[in-house]
Amino acid sequence: LFHVPKKNIFISALVGGIGWVVFAYCRNEYGGPLLGCFLAACMVGLLAGIFSRVYKETATVFTIPGIIPLVPGAGMYYTTLYLINGQLEKAATTGTQTLLMAGSISVGLLVVGSFFKVHYRLTGTVKRIIEKM
């Protein structure tokens, strides 16, 4: 479904499982799904960046299957259900929570992706400077 090469299916599933464990732990221990989504997305991004280098694949091969379990689909469903039933206050609360969760996922991936870009650019620059000496 996500065009993951057969040799990387286990690793992609492992990334998703670790991301879900981080989300569940943070949600239960720290009382909020927003921090859990952010930290889980950071973990998925970190593992995807590492495994993309180790297995010489694009990070998307590991990121997409890792993020799918974190997507707040139930929140979207309940927001729509509350809107249809005319429960506008519940719809607003659930919709806001869902949008914030989706935003924390994207910010988590963005933070880690930016870190990897800066890291690889700096290490490449340092290598070129050393080679010129």
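Residues numbered from 1 in each chain as written. Predicted model: local features only at pLDDT ≥ 70, side-chain atom pairs only at ≥ 80, totals over all residues. Heavy atoms only, no water.

Novice: What am I meant to see in the overall build of the protein here?
Specialist: Along the backbone of the protein there are 5 helices and 0 strands. Counting helices and strands in the order they occur from the N terminus, the protein gives α-α-α-α-α. Taken over C-alpha atoms, the radius of gyration comes to 18 Å for the protein, far larger than the 14 Å a tight globule of 133 residues would show. With respect to the three principal axes, the spread of C-alpha positions in the protein is 70 × 30 × 25 Å. Out of the 133 residues in the protein, the part that is buried amounts to 35%. The contacts in the protein between residues at least 6 apart in sequence include a share of 66% that link residues at least 24 apart. Here the protein has roughly 8700 Å² of accessible surface; of this, 70% comes from carbon and sulfur atoms. Averaging the positions of the 11 positive and the 4 negative side-chain charges in the protein gives two centres separated by 12 Å. (Helix = DSSP H or I, 4+ residues; strand = E, 2+ residues; numbered from the N terminus. Rg over C-alpha atoms; globule rule 2.2 N^0.38 Å. Buried < 20%, exposed > 50% of the residue type's maximum accessible area, 1.4 Å probe, protein only. Contact = heavy atoms within 4.5 Å. Areas by Shrake-Rupley, 256 points an atom, 1.4 Å probe, with all protein chains shown as cover. Lys, Arg positive; Asp, Glu negative; His and termini not counted. Charge placed at Lys NZ, Arg CZ, Asp CG, Glu CD.)

Novice: Any chance you could explain the state of the cysteines here in plain terms?
Specialist: Here, disulfide denotes a covalent bond that connects the sulfur atoms of two cysteines. Under the criterion given, the structure shown has 0 disulfides. Lacking any disulfide linkage, Cys26 is separated from the closest cysteine sulfur, that of Cys37, by 9.9 Å. Looking at Cys26, the relative accessible area reads 5%, which means it is buried. Lacking any disulfide linkage, Cys42 is separated from the closest cysteine sulfur, that of Cys26, by 10 Å. (Disulfide = S-S within 2.5 Å.)

Novice: What am I meant to see in the environment of Phe116 here?
Specialist: For Phe116, the position within the fold is in helix α5 (residues 88–132). Phe116 sits 16 residues away from Leu100 along the chain, and the two C-alpha atoms are 24 Å apart. Setting aside chain neighbours within four positions, we find Phe116 in contact with Gly45, Leu46, Gly49 and Ile50.

Novice: Please clarify how unusual backbone geometry should be interpreted in this entry.
Specialist: Negative phi is the rule for most residues except glycine; trans is the rule for most peptide bonds. Positive phi outside glycine occurs at Lys56, with the angle close to 55°. Here Lys56 is to be found in the loop between α2 (33–54) and α3 (60–67).

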